[in-house]
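One-letter residues, chain by chain:
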Amino acid sequence: MSNMQNPFPSDPDRNQIWEMLVERDIAAFVAADWGMVAGDFIEEGFLGVHAHKSRNPDEWAAAFPTLMEYRDEWLRQAHDSANTKFAEPLAEAIHRATNLTQIDISGDMAVAHKKFDGQVKLADGSVDTLNWQTLYYCRRSGDRWKIAGFTGYMAYK
């Protein structure tokens, strides 16, 4: 199955989480449009942990103690990306590098295991390597799933 195809077509909960964390997140990032994903978060109690690509939790930090601090960093990265010249369509390259096939659900809580493993070709002939993983902590809010926090930029492979 292509990384661009939702692997959960017959599972409504996992389908919705995948659409939020893969399809919508990639489209918003490439467009540098936080508004496309702003409604996917629970602001109250949000926490984003930055693992600095380390396997040692002692090196991880509560880098995003509020959603607004995470939004600012997300926008910074998205704008940096928008100002980079790529040799291939960015959205396709990110999809190719993204894997979200494990989503653990317990009641109204879920942990989604999103992994990045690939490269994006740059116009100058070099590559940008995507190699980390993120655990998203999701909570059902009404009739939809939202992101309550994450532990991201963890070492992968």
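Whatever comes next refers back to the structure up there.
Fair warning: this is a prediction, and the values are worked out from it, not measured in the lab. (Residues numbered from 1 in each chain as written. Predicted model: local features only at pLDDT ≥ 70, side-chain atom pairs only at ≥ 80, totals over all residues. Heavy atoms only, no water.)

Caption draft 1: Local environment of empty space enclosed by the protein. As enumerated under the stated definition, the model contains one cavity of 30 Å³ or more in all. Quantified by volume, the largest cavity comes out at close to 80 Å³. Residue lining of the largest cavity: M20, L21, D25, W34, V37, D40, F41, Y70, W74, Y136 and I147, and that is the complete set. At the level of elements, α1 (12-31) and α2 (67-82) are the ones that each hand at least two residues to the lining of the largest cavity. By residue number, the principal contributor to the lining of the largest cavity is α1, which donates three residues. (1 Å grid on protein atoms, 1.4 Å probe; cavity = no way out; pocket = protein on both sides within 12 Å on 5 of 7 lines; lining within 4 Å. Points joined across faces, edges and corners; volume = space filled by probe spheres on them. Helix = DSSP H or I, 4+ residues; strand = E, 2+ residues; numbered from the N terminus.)

Caption draft 2: Region of the structure containing the layout of surface pockets. As a volume, the largest pocket reaches approximately 550 Å³. In this structure, the largest pocket is lined by 26 residues; those nearest its centre are F29, Q77, L130, W132 and Y153. Elements represented by at least two residues in the lining of the largest pocket include exactly α1, α2, α3 (90-97), β4 (109-121), β5 (127-141) and β6 (144-154). Looking at the lining of the largest pocket, its residues break down into 14 nonpolar, six polar and six charged. (Nonpolar A, V, L, I, M, F, W, Y, C, P; charged D, E, K, R; others polar.)

Caption draft 3: How the structure looks around the pairing of strand β3 (residues 98-106). Bridge analysis of β3 against β4 gives seven bridges, and the strand direction is antiparallel. Directly across from I103, in β4, lies its bridge partner A112. Following β3, the chain reverses through two residues before pairing antiparallel with β4; G107 in that reversal takes a positive phi of roughly 65 degrees. (Pairing = 2+ DSSP bridges.)

Caption draft 4: Highlighting unusual backbone geometry. At H52, a residue that is not glycine, the phi angle is positive and equals roughly 55 degrees. Its place among the elements puts H52 in the loop between β1 (47-50) and β2 (61-64). Non-glycine residue Y153 carries a positive phi angle of around 60 degrees. With respect to the element layout, Y153 can be found in strand β6.

Caption draft 5: Quick peek at the packing of α1 against α2. Packing of α1 against α2 leaves a shortest axis separation of 7 Å and a crossing angle of 65 degrees. Along the contact surface, α1 presents D25, A28 and F29, while α2 presents W74, Q77, A78 and S81. In the contact of α1 with α2, the residues fall into four nonpolar, two polar and one charged. (Axes fitted to C-alpha atoms, helices over the stretch in contact; angles between N-to-C directions. Contact = heavy atoms within 4.5 Å.)

Caption draft 6: Spotlight on the sheet that holds β5. With respect to topology, six strands assemble into an open sheet ordered β2-β1-β6-β5-β4-β3, the strand pairing being mixed. A single partner strand is all that each edge strand has here, and the edge strands are β2 and β3. Within the sheet, the average angular offset between the axes of one strand and its neighbour, ignoring direction, is 30 degrees. For β1 and β6, the ladder comprises four bridges, and the chain directions are parallel. The residue of β6 that forms the bridge with H50 is G152. Docked against the sheet, α1 engages β3, β4, β5 and β6, running at close to 145 degrees with respect to β3.

Purely geometric stuff here, so don't read any function into it on its own.
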